[in-house]
Structure formats: structure tokens, C-alpha cells
Amino acid sequence: MKNIISEGKIGIFDSGLGGLVIAKAIFSAKGSPRIRESEAGGPASGGKNLSSYDYVYLGDTKWLPYGNKSAGQVYKYTSRAIKYLFDQDCQLVILACNTASALALRKIQQEYLPKFYPGKRVLGVVIPTLEEADKNHKRKIIGVIGTSATIRSHIYKKELIKIDAKAKIFEVAAPKLVPLIERNSLQLAEKTLGLYLQPLLKHNIEALILGCTHYPILEQQIKKLVGKNIKVVSQTDFLPGKLSNYLKRHPEISKKLSKHHQRTFLVTKYNREFGEVAKRLFGRKLKFEVVPF
Ligand code: DGL
């Protein structure tokens, strides 16, 4: 008799475009650094072979931005999206959204999954990002920019103390960036960046966390503004390796994943600017299906 193994995909979720940047990095991973169970975190390893898995991307563009919403709203939208991705046969979902990771991940892992989907997993991005920024306790003064909701939650501050009690983090909310990036107004976004970064630079930070998955789209501009001596910590650089490592350490999950190189892109609302940025990111036009939320 044929051995039946249930096949599952990997879901990648963000409120909009930001997660696409992470998705692209994952699809094209050739070998990069580290994941831990509760987050996408843990020891370093190569990000090889991630491209063969099947992925479903979901951007909740209809309800974007999440960064100006309450914890209750972010939990409501995020858990709805996760349910949708599980219904599309996803076995594992990466919350490629700092705001959702900050405001909804804990409740999803501690209450939602055990109750409704005990065999499935949802991984966030905050702890792996801090591990990377702190880099074995080598960097002690860290800056983070994020959405208003992420910064208000102080998630980066609270989690950094657990990793390295001697490190300090300075947090700045950059609420104008996400709407500008989604509208493809990158020049305007670059102008406002300077204002957000100024207070952090005054603290002599050693690393700057891009605490929103939209920001790597402006990585070059940010690097130019902060100079060579500050390490810009971009989630695109290390999340693929963290995912790869997680899958290695969790064969009970990875054995359920299918490998047909499939990619499905879903949004809850489509607009032209979104399509243009996506095309620029991937170098080709992506086919988006609109799901009715
Ligand atoms: N890209 C998301 C993040 O990483 C949130 C953007 C938003 O919807 O405000 O925080």
C-alpha cells in the first residue's frame, strides 16, 4: 500500500508588500545564517534548498497598514489570515510582519494554535532579528525603527533584555514609511527617513534594526544615511537561513512539506502601485489572486 504523507505548503504573511521582500529572499536563498521554535530563531546554518518548497504568500492589503491598529485588531486580522493560509494547505506560516509578530504572535502560539490547529506552526520575526543585531552580545547599543504599533508594544526592548541584559535599545516609530512604500513614493520616503533616523544617530548606535518588513525596500538609502560604521540589520539577510535551520531541527514539520517549486501570491485587495513594486522586486510580473476578506 502507498505510504500516505500529508503534503503541506509554507505560508508567508504580511499586511502588504513587505513580506514579499522576505519571500523573495527565501525563494532565492543560497546559504545564509540562523530559527527558534517560538519565532523564526536558533543557530546559524545555510539557507539552501528552500526554493523547492511550495509557498503561498498572503498580503492583507485591504486592511493595511497594521501599524496604526490596536493589538486586538491586529490579532483579529492576523488570525483570519493564518486560518486562510491553513485552509490553503499551509503547514507552517511565517509572520513576515513585525507588527503582527509583536502584537499577535504570542496569543496565536499560546491560544489559537493549541485550540484550533495543534499540529501546525506559526513563526515570527522579532527574536531572530534581535539575535542577529546583538550578534553574540557584541553590539550593546542598538536602534530600531518600526511601525507605531510595533514601537508602542516595546517588543524589541522587552525581548532584548532576555537575550542580553547589558544591551540597550532605542526605539523610533516611522509611521509615514509604510504608506509611502505601498504607494511606490520611494523618493518621498527617502526624505522622511532622515528625520526618523536623526534621534537614533545621536545615541551612537552600533546596529540599526529595520523592524518592519517594508523597510528593506529602502535599505540602500538607509545605509547611505547611517554610514558604514552602523550595521544595518535587514531581515532579508538572515531569515532564509533561520527558516532553513528550523526545518532541519523540526523534521516532524519539514517531512510534511511538499516540494514542487510552486508559488501562489494572494492579496486581499489589488492595486496598480502594489503590482509595480512587486514587479520591480521580482524582476517579472507576478500573478496575484484577490481573496475576499
Ligand atoms: N510590514 C509590516 C511590519 O513588518 C507592517 C506594515 C503595516 O501594515 O503597517 O511591521
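See above for the structure.
Residues numbered from 1 in each chain as written. Predicted model: local features only at pLDDT ≥ 70, side-chain atom pairs only at ≥ 80, totals over all residues. Heavy atoms only, no water.

S.K.: Quick one: what's the story with empty space enclosed by the protein, residue by residue and with numbers?
M.R.: If you add up the space inside the largest cavity, you get close to 60 Å³. What lines the largest cavity is a set of 13 residues, among which Ser 15, Thr 99, Thr 147, Cys 212 and His 214 lie closest to the centre. (1 Å grid on protein atoms, 1.4 Å probe; cavity = no way out; pocket = protein on both sides within 12 Å on 5 of 7 lines; lining within 4 Å. Points joined across faces, edges and corners; volume = space filled by probe spheres on them.)

S.K.: Any chance you could break down the pattern of salt bridges for me, citing the residues and the numbers?
M.R.: Tallied over the entire structure, the rule returns ten salt bridges. One salt-bridge network, held together by shared partners, links Arg 106, Glu 159 and Lys 162. (Salt bridge = Lys/Arg side-chain N within 4 Å of Asp/Glu carboxyl O.)

S.K.: Help me get a handle on the site of the ligand, residues and values and all.
M.R.: Around the ligand, the surrounding shell holds 14 residues, and the nearest of these are Ser 15, Tyr 66, Asn 98, Thr 99 and His 214. One of the side-chain nitrogen or oxygen atoms of Thr 99 is found 2.6 Å away from an oxygen atom of the ligand. Interatomic distance of 2.7 Å between a side-chain N/O atom of His 214 and a nitrogen atom of the ligand. Coverage of the ligand by the protein amounts to 99% of the 300 Å² it exposes when considered alone. (Near = heavy atom within 4 Å. Polar contact = N/O pair within 3.5 Å; in protein donor to acceptor, adjacent residues only side chain to side chain. Areas by Shrake-Rupley, 256 points an atom, 1.4 Å probe, with all protein chains shown as cover.)

S.K.: Summarise the side chain of Lys 242; cite the residues concerned and give the values.
M.R.: For Lys 242, the location among the structural elements is in helix α11 (residues 235-249). What makes Lys 242 buried here is its relative accessible area of 0%. In this structure the side chain of Lys 242 is engaged in a polar contact, spanning 2.9 Å, whose partner is the side chain of Glu 131. (Helix = DSSP H or I, 4+ residues; strand = E, 2+ residues; numbered from the N terminus. Buried < 20%, exposed > 50% of the residue type's maximum accessible area, 1.4 Å probe, protein only.)

S.K.: Lay out the layout of surface pockets in plain terms, naming residues and giving numbers.
M.R.: Considered as a void within the structure, the second largest pocket measures approximately 220 Å³ in volume. Looking at the second largest pocket, the residues that line it are Val 21, Lys 24, Ala 25, Ser 28, Leu 186, Pro 216, Ile 217, Thr 236, Val 277, Arg 280 and Leu 281. Put simply, the parts of the chain that give the lining of the second largest pocket at least two residues each are α1 (18-27) and α13 (272-282). Grouping the constituent residues of the lining of the second largest pocket by class yields seven nonpolar, two polar and two charged. (Nonpolar A, V, L, I, M, F, W, Y, C, P; charged D, E, K, R; others polar.)

S.K.: Give a detailed account of the nonpolar core, specifying residues and quantitative values.
M.R.: Within the largest apolar cluster, 103 residues are counted, with the highest numbers of intra-cluster contacts made by Leu 20, Leu 208, Tyr 215 and Ile 222. Residue contributions to this core peak at seven residues, all from helix α2 (residues 71-87). When sequence neighbours within four positions are dropped, the list of residues in contact with Ile 222 reads Leu 193, Leu 197, Leu 208, Leu 210, Tyr 215 and Val 232. (Core = buried A, V, L, I, M, F, W, Y, C linked by side-chain atoms within 4.5 Å. Contact = heavy atoms within 4.5 Å.)

S.K.: Talk me through the sheet that holds strand β3 (residues 90-95); I want residue IDs and the actual numbers.
M.R.: Taken in spatial order, the six strands of this open sheet run β4-β3-β1-β2-β9-β10, and their pairing is parallel. Pairing within the sheet leaves two strands with one partner each, and these edge strands are β4 (121-123) and β10 (288-290). Across the sheet, the axes of successive neighbouring strands diverge by a mean angle of 25°, strand direction being ignored. Bridge count between β3 and β4: three bridges; the pairing is parallel. Considered in β4, the bridge of Leu 92 is made with Arg 121. Against the sheet, α2 makes contact with β1 (9-14), β2 (55-59), β3, β4 and β9 (263-267), and its axis sits at roughly 150° relative to β3, the strand it touches most. (Pairing = 2+ DSSP bridges. Axes fitted to C-alpha atoms, helices over the stretch in contact; angles between N-to-C directions.)

S.K.: Which residues make up the packing of helix α5 (residues 126-134) against α11, and what values do they have?
M.R.: In contact at an axis separation of 10 Å, α5 and α11 are set at 115° when each is read in the N-to-C sense. By the angle class used here, α5 and α11 are roughly perpendicular. Classified by chirality, the crossing of α11 by α5 is right-handed. Contact with α5, carried on its side by Pro 128, Thr 129, Glu 131 and Glu 132, involves Gln 235, Phe 238, Leu 239 and Lys 242 of α11 and no other residues of that element. Within the contact of α5 with α11, the residues separate by chemical class into three nonpolar, two polar and three charged. (Parallel < 35°, antiparallel > 145°, perpendicular 65-115°, else oblique. Left-handed = near helix turned anticlockwise from the far one by under 90°.)

S.K.: Talk me through the sheet that holds strand β6 (residues 168-173); I want residue IDs and the actual numbers.
M.R.: By way of backbone hydrogen bonds, the strands of a sheet pair with one another, either parallel or antiparallel. Spatially, β6-β5-β7-β8 is the arrangement adopted by the four strands of the open sheet, whose pairing is parallel. Strands at the two margins of the open sheet, each flanked by one partner only, are β6 and β8 (231-233). Neighbouring strand axes in the sheet, compared pairwise and without regard to direction, differ in orientation by 20° on average. Here strand β7 (residues 207-211) pairs with β8 via three bridges, running parallel. Along β8, the bridge assignment pairs Ala 207 with Lys 231. Here helix α7 (residues 155-163) sits on the sheet and contacts β5 (141-146), β6 and β7; the angle it forms with β6, its principal contact strand, is near 165°.

Everything listed here is a matter of geometry and, on its own, says nothing about what the molecule does.
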